Amino acid sequence: MHMADALLAPQVAGCMYALSGTAACVSVWKLKKEDNPQKLPLMAVSAALVFAGQMINYTIPGTGSSGHICGGMLLSALLGPYAGFLSMIAVLAIQCLFFADGGLMALGANIWNMAFYGCFVGYFCFWRPFVRSRRFGQSDKNARICISAAALLGCIVTLQMGAFSVVLETTASGITDLPFKQFALLMQPIHLAIGLVEGLATAAVLNYVYSSRPELLMDVDPSSDSKARGSVRSTLVVLGVAVLVIGGGLSLAASSNPDGLEWALFGNEEDAGVKNMGLDEEDYGAKSPAADRAQSIQERTSVLPDYAFKDSDSAAGTVVSGIAGSLIVALAAVLICMAGGFFRKKKRLE
Amino acid sequence: MNKLETALRDLSEMDTLASGSSCIHRLHPAAKLIATAAYILVVVSFHKYNLGGLLPMGLWPVVLFQLSGIPIRTCFYKLRIVLPLVMAVGLFNPFLDHTVLYTVGNIAVWGGVVSMITLMLKGVFCLMAAFLLAATTPIDVLCGALRMMHVPGMLVTLLLLTCRYAGILTEEASVMTQAYELRAPGQKGIHISAWGSFLGQLLLRSMDRAQELYDSMLLRGYHEHFHYAPIPRFRVKDALFLAFSGAFFALVRMLPVVQLLGSFAVQ
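What counts, and at which threshold
Residues numbered from 1 in each chain as written. Chains lettered and ligands numbered in written order. Predicted model: local features only at pLDDT ≥ 70, side-chain atom pairs only at ≥ 80, totals over all residues. Helix = DSSP H or I, 4+ residues; strand = E, 2+ residues; numbered from the N terminus. Contact = placed C-beta atoms within 7 Å. Rg over C-alpha atoms; globule rule 2.2 N^0.38 Å. Buried ≥ 20, exposed ≤ 12 C-beta atoms within 10 Å, placed from the backbone. Pairing = 2+ DSSP bridges. Core = buried A, V, L, I, M, F, W, Y, C linked by C-beta atoms within 7 Å. Domains from an automatic or database assignment. Nonpolar A, V, L, I, M, F, W, Y, C, P; charged D, E, K, R; others polar. pLDDT = per-residue confidence, 0-100. Axes fitted to C-alpha atoms, helices over the stretch in contact; angles between N-to-C directions. Parallel < 35°, antiparallel > 145°, perpendicular 65-115°, else oblique. Expected span 1.5 Å × (residues − 1). Bend = angle between axes of the 7 residues up to and from the residue.

The next point concerns the overall build of chain A. Check the secondary structure of chain A and you find 11 helices and two strands. The linear arrangement of helices and strands in chain A, starting from the amino end, is α-α-β-β-α-α-α-α-α-α-α-α-α. A separation threshold of at least 6 residues defines the contact pool for chain A, and within that pool the share at least 24 residues apart is 69%.

What follows is the structure in structure tokens.
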């Protein structure tokens, strides 16, 4: 789709230079405001990669023909629209200067047709909405679908827009005698097929980057990506099951023998164990009004006295008490964490 | 030879050509840039039927090619990229425009044919001029000139760095492609199963390379200001080059040089 100088009238070329120049100035201004000097070599290397990548042929199965990646969409997904746009300008300038791919005067039009649509329309209309959608974070599969859809639709639509711009610019330049409608009908279907292939190739590369290094992609937060979310969810499920099994199931197998303190105080003479120290198991300890009141409150409030339902020796009571206890401990842990987080945040703000 | 190897060869060829030392090479880059832009502007401004007026414009690049010692055939090799699209657009003209412009004997020459030839010639001339600029001016010098002309520093530095890294990454991609082809003989291009991983791996390595590049730039004292090649002063010969070029363009654009020469020869 690289336009040659001969296809443009000077007035149209001037207009396209003005439009592309304005977009470039806005991009430079935005990046300066961003103040990230580290981005410059990243932009250069990415642009060089797109330059090299566009020469790699991807075989289209069953057709015998091949396509290549869509630079604008790939760069905007990696660097964002502004940095991606400037990188595409560098790619197009090199293609124009060293490979005669697109004319020097037509550079403004080529930037508009290939870089502007690919980077700005591709990013703001396709990449960002898809990647920020709720569906993206639901699962790894959904994230891949979103990336593929963004790349595919982005490439097809931006290529169609670029091809239509070529038709408009050539017609406005009065270069061809081909009527506008026929020229458009000639250009659009060809670029629909090209866009489809470019979209698939770009989607494949972006999906690979997503699976390997999601933090390299724009608007993808690796800490909250679907994979991370999936692992947290699965961890919680495993923990929950463990709580139910240990708290509920295994509590049935809990020892009916006294615990260490009970064993030391009351012994287990009936099981041929140690002797009782002379204490009454039902009535021991210091007598005081406060202790009596505390005991009466405990008896009233305790749902599962001695890990069983009141007035019942059934196993179900033990199970429920195990689960309930586990949940209460978990809740307490969460509350402690939340309280800790709240105080840390407060301290940071101070 | 695959596309990547061809691109590498082209890049290296342009570097070799630009390192020459002819009088055209020694001209101020800004003078060459302005003259080239003016030339392209004048060439494309000719009317689609004005084939006679356009023809003398071919003299300017031909003379400069001879002065710079660059063989014209190196440039014509690039026509394979430009001409298909120009032809695709211009090829319909003879079928759609049947205005009779000239009659040579009994043969009527349609306007569509003339406009198609004019369009192709414009494409060839513009290509020659742009090629000449790139082949006689090293990229760092050209970037220095762009900076002098107040093109934003970020864009110029990006162009320079991209140019340097394009060669390296193209070479890497070429090695990868060659390795792939050796493992998949008889297969054209990259199979769909490797679409993502093939370029994806190069992409991931490139991102790490960018970080290393930035670190090395910092170690060499980079502080958001890039040092370009030293640009020679704008001298009298540069002004003369611009003046002669401008006068030639104006002369060819305003006067029917071909008709005048023809009538002079007939007389």
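For the rest of this paragraph, the subject is the overall build of chain B. Within chain B, the secondary structure is distributed over 13 helices and two strands. Compactness check: chain B gives a C-alpha radius of gyration of 23 Å against a globular reference of 18 Å for 267 residues, more than 25% above the reference. Considered along the principal axes of its C-alpha atoms, chain B spans approximately 70 × 55 × 30 Å. When the 267 residues of chain B are sorted by exposure, 38% land in the buried category. Taking the intrachain contacts of chain B between residues at least 6 apart in sequence as the baseline, contacts between residues at least 24 apart amount to 78%.

Residues and elements named next belong to chain B. Little of strand β1 (residues 100-104) sits inside the fold, with zero of its five residues counted as buried. As judged from the four bridges shared by β1 and strand β2 (residues 107-110), these two strands associate in the antiparallel manner. Bridged to valine 100 within β2 is tryptophan 110. Counted between consecutive antiparallel strands, the loop separating β1 from β2 contains two residues, among which glycine 105 sits at a positive phi close to 65°.

Attention shifts here to the nonpolar core. Core analysis: the largest hydrophobic core is formed by 163 residues, its most contacted members being Ile89 of chain A together with Cys126 and Ala130 of chain B. With 16 residues, the single largest contributor to this core is helix α5 (residues 107-131) of chain A. Every residue in contact with cysteine 126 of chain B, bar those within four places of it in the chain, is listed here: Ala4, Asp5, Ala6, Gly103 and Met105 of chain A together with Ile40, Val43 and Val44 of chain B.

Attention now moves to unusual backbone geometry. Glycine aside, a negative phi is what most residues show, and trans is what most peptide bonds show. Phi at aspartate 219 of chain A is positive, roughly 65°, even though this residue is not glycine. At histidine 150 of chain B, a position not held by glycine, the phi torsion is positive, near 65°. Examined against the element boundaries, histidine 150 of chain B turns out to sit in the loop between α9 (139-148) and α10 (153-183). Residue classification places histidine 150 of chain B among the exposed positions, given that 8 C-beta atoms sit within 10 Å.

Residues and elements named next belong to chain B. For chain B, the assigned domains are domain 1 (1-138 + 230-260) and domain 2 (150-228). With centres defined by C-alpha atoms, the gap from domain 1 to domain 2 works out at 32 Å. Tallying the contact residues gives six residues for domain 1 and seven residues for domain 2. Partitioning the side of domain 1 that touches domain 2 into residue classes produces four nonpolar, one polar and one charged.

The next thing to look at is the environment of tryptophan 127 of chain A. Counting through the fold element by element, tryptophan 127 of chain A comes out in helix α5. Those residues in contact with tryptophan 127 of chain A that sit more than four places away from it in its chain are Ser76, Ala77, Gly122, Ala150, Gly154 and Met218 of chain A.

Turning our eyes to something else, we now look at the confidence of the model for chain B. Residues and elements named next belong to chain B. Here chain B averages 86 in pLDDT, while 97% of its residues score no lower than 70. Confidence, expressed as mean pLDDT per element, reaches its minimum in chain B at helix α6 (residues 79-90) with 76 and its maximum at helix α12 (residues 236-254) with 94. The ipTM for the predicted assembly is 0.86, set against a pTM of 0.74.

Let us look at the packing of helix α2 (residues 29-44) of chain B against α12 of chain B. Residues and elements named next belong to chain B. Two elements in contact, α2 and α12, have axes separated by 10 Å at closest approach and are oriented at 5°. Considering their axes alone, α2 and α12 lie roughly parallel with respect to each other. Note on element contacts: α12 touches α2 through Asp238, Phe241, Leu242, Ser245, Gly246, Phe249 and Arg253, opposite Ala31, Ile34, Ala35, Ala38, Tyr39 and Val42. In the contact of α2 with α12, the residues fall into nine nonpolar, two polar and two charged.

So, about the interface of chain B and chain A. Each side of the interface is counted separately: chain B has 68 residues, and chain A has 63 residues. Only α1 (3-18), α2, α6, α7 (93-96), α8 (111-136), α10 and α11 (195-219) of chain B provide two or more residues apiece to the side of chain B that touches chain A. At 16 residues, the largest contribution of residues to the side of chain B that touches chain A is made by α11 of chain B. Residue composition of the side of chain B that touches chain A, grouped by class: 44 nonpolar, 16 polar and eight charged.

Once that is clear, we can look at the environment of alanine 204 of chain A. Turning to its location among the elements, alanine 204 of chain A is positioned in helix α7 (residues 180-212). The buried category is assigned to alanine 204 of chain A, around which 25 C-beta atoms lie within 10 Å. Sequence spacing of alanine 204 of chain A and alanine 44 of chain A is 160 residues, and the spatial spacing of their C-alpha atoms is 22 Å. When near neighbours in sequence (up to four residues on either side) are disregarded, alanine 204 of chain A contacts Trp195 and Gly196 of chain B.

This paragraph deals with α5 of chain A. Residues and elements named next belong to chain A. The end-to-end C-alpha separation of α5 is 31 Å, well short of the 36 Å expected for 25 residues at 1.5 Å each. Along α5, the helix axis deviates most sharply at tyrosine 123, where the bend reaches about 55°. Along α5, 21 of the 25 residues are buried, which leaves the element largely enclosed by surrounding structure.

Below, the discussion takes up the environment of alanine 4 of chain A. All names here are of chain A. Along the chain, alanine 4 falls in the segment before α1 (10-34). Residue class for alanine 4 comes out buried when judged on the 31 C-beta atoms lying within 10 Å of it. The sequence separation of alanine 4 and glycine 103 amounts to 99 residues, and the corresponding C-alpha distance is 4.5 Å.

The next point concerns the confidence of the model for chain A. In this model, chain A carries a mean pLDDT of 77, and residues with pLDDT of at least 70 account for 62%. Within the model, pLDDT remains below 50 along residues 258-265 of chain A, and this stretch shows six contacts once partners closer than five positions in the same chain are excluded.

The subject of this paragraph is the packing of α1 of chain B against α8 of chain B. Residues and elements named next belong to chain B. Running from amino to carboxyl end, α1 crosses α8 at an angle of 70°, the nearest separation of the two axes being 6 Å. Classified by the angle between their axes, α1 and α8 sit roughly perpendicular to one another. Seen from α1, the contacting residues are Met14, Leu17 and Ala18; seen from α8, they are Ala134, Ala135 and Thr136. Among the residues forming the contact of α1 with α8, the class breakdown is five nonpolar, one polar and no charged.

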